[in-house]
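Survey of secondary and tertiary structure
The chain contents come next:
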Amino acid sequence: EADRVRRELVGNVGHDLRTPLAALGGYLEEAERYASDGRGDEAAGAVVHARRQHALVVDLVSDLFELSILERPAGQVPLRTGPVPLGELVRDIGAAHERAFREAGVVLKIDVPPGLPTLDADGARLFRAVANVLENACRHTPAGGSVRLTASASGAEAAVTVEDEGPGIAEADRERVFERYYRGEDARTRG
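Given the structure is predicted, the values throughout are model-derived calculations rather than measurements. (Residues numbered from 1 in each chain as written. Predicted model: local features only at pLDDT ≥ 70, side-chain atom pairs only at ≥ 80, totals over all residues. Heavy atoms only, no water.)

On to the overall build of the protein, then. Tallying secondary structure elements over the protein gives five helices and five strands in all. Along the protein, helices (α) and strands (β) appear in the sequence α-α-β-α-β-β-α-β-β-α when read from the amino end. Counting the 191 residues in the protein, one finds 25% classified as buried. Surface exposure of the protein reaches about 12,500 Å², of which carbon and sulfur atoms provide 54%. (Helix = DSSP H or I, 4+ residues; strand = E, 2+ residues; numbered from the N terminus. Buried < 20%, exposed > 50% of the residue type's maximum accessible area, 1.4 Å probe, protein only. Areas by Shrake-Rupley, 256 points an atom, 1.4 Å probe, with all protein chains shown as cover.)

Below, the discussion takes up a nonpolar patch on the surface. A contiguous nonpolar patch, built from Ile169, Val177 and Phe178 and spanning about 340 Å² of accessible area, is present on the exposed surface. Inspection of the secondary structure puts Val177 in the segment after α5 (171-174). Overall, Val177 belongs to the partly exposed group, its relative accessible area being 34%. (Patch = residues over 30% accessible without salt bridge, like charges linked within 9 Å, V, L, I, M, F, W, Y side chains within 5 Å. Salt bridge = Lys/Arg side-chain N within 4 Å of Asp/Glu carboxyl O.)

With the rule as written, the count across this model stands at six salt bridges. Between Asp111 and Arg148 there is a salt bridge; the shortest N-O distance is 3.0 Å. Of the two residues, Asp111 is situated in strand β2 (residues 107-111) and Arg148 in strand β4 (residues 146-154); the sequence distance between them amounts to 37 residues. Of the charged contacts, one joins Arg174 and Glu171 as a salt bridge, the two residues approaching to 3.0 Å between their closest N and O atoms. Residue Arg174 and its partner Glu171 are both found in helix α5; the two are separated by three residues, about one turn of the helix. For Arg174, a relative accessible area of 46% corresponds to the partly exposed category.

Attention shifts here to the nonpolar core. In this structure, Val90, Ile93, Phe101, Leu108, Leu134, Val147 and Leu149 are the most contacted members of the largest nonpolar core, which totals 18 residues. Secondary-structure elements contributing two or more residues to this core are α3 (86-104), α4 (123-140) and β4. At five residues, α3 tops the list of elements feeding residues into this core. (Core = buried A, V, L, I, M, F, W, Y, C linked by side-chain atoms within 4.5 Å.)

A few words now on the sheet that holds β4. Strand order in the open sheet formed by three strands is β2-β4-β5, and the pairing between neighbours is mixed. At either margin of the open sheet sits one strand with a lone partner, and together these are β2 and β5 (157-163). Pairwise comparison of adjacent strand axes, ignoring direction, gives a mean angle of 10° for this sheet. Alignment of β2 against β4, held across five bridges, turns out to be parallel. The residue of β4 that forms the bridge with Leu108 is Val147. (Pairing = 2+ DSSP bridges. Axes fitted to C-alpha atoms, helices over the stretch in contact; angles between N-to-C directions.)

Written out as structure tokens, the structure reads:
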């Protein structure tokens, strides 16, 4: 079973890396061609697209690094905890995704009430977890729709919520959604 899961993971990684790497190469070739033709604005536009593809590759590699860390036995995952202002974290996550939402034609609503606590947490991993959920919400919300990112706290508990207008998780996939490496039937579909 472990070998099957590894083969599936390698296949998924290869598939997920191939597309942005091919696009990155294509945009860089375009930029070179435009630059040699003296078309500076078009060259700059191609570089902007190349940077986006680069960011996708960096995110995928970061995901792999996180998976390798999480493969360690329980108790051996090194957490880097420290003070994390919850409101600031949520605002930063929203700001980092505003462009993607704008380009997708999806409205991002951020609700961060005053007075949220400072958490003792691994801020980088918390950022990554919420960012992944927010990226999925953007990907699966139809153009013209909206996604709401909120934070709240009550007593010793804090919550970050992402609400979207996407189709949701298929009934058949709900029982397996928290299984490691599991991806639903349309998980490879990218909006």
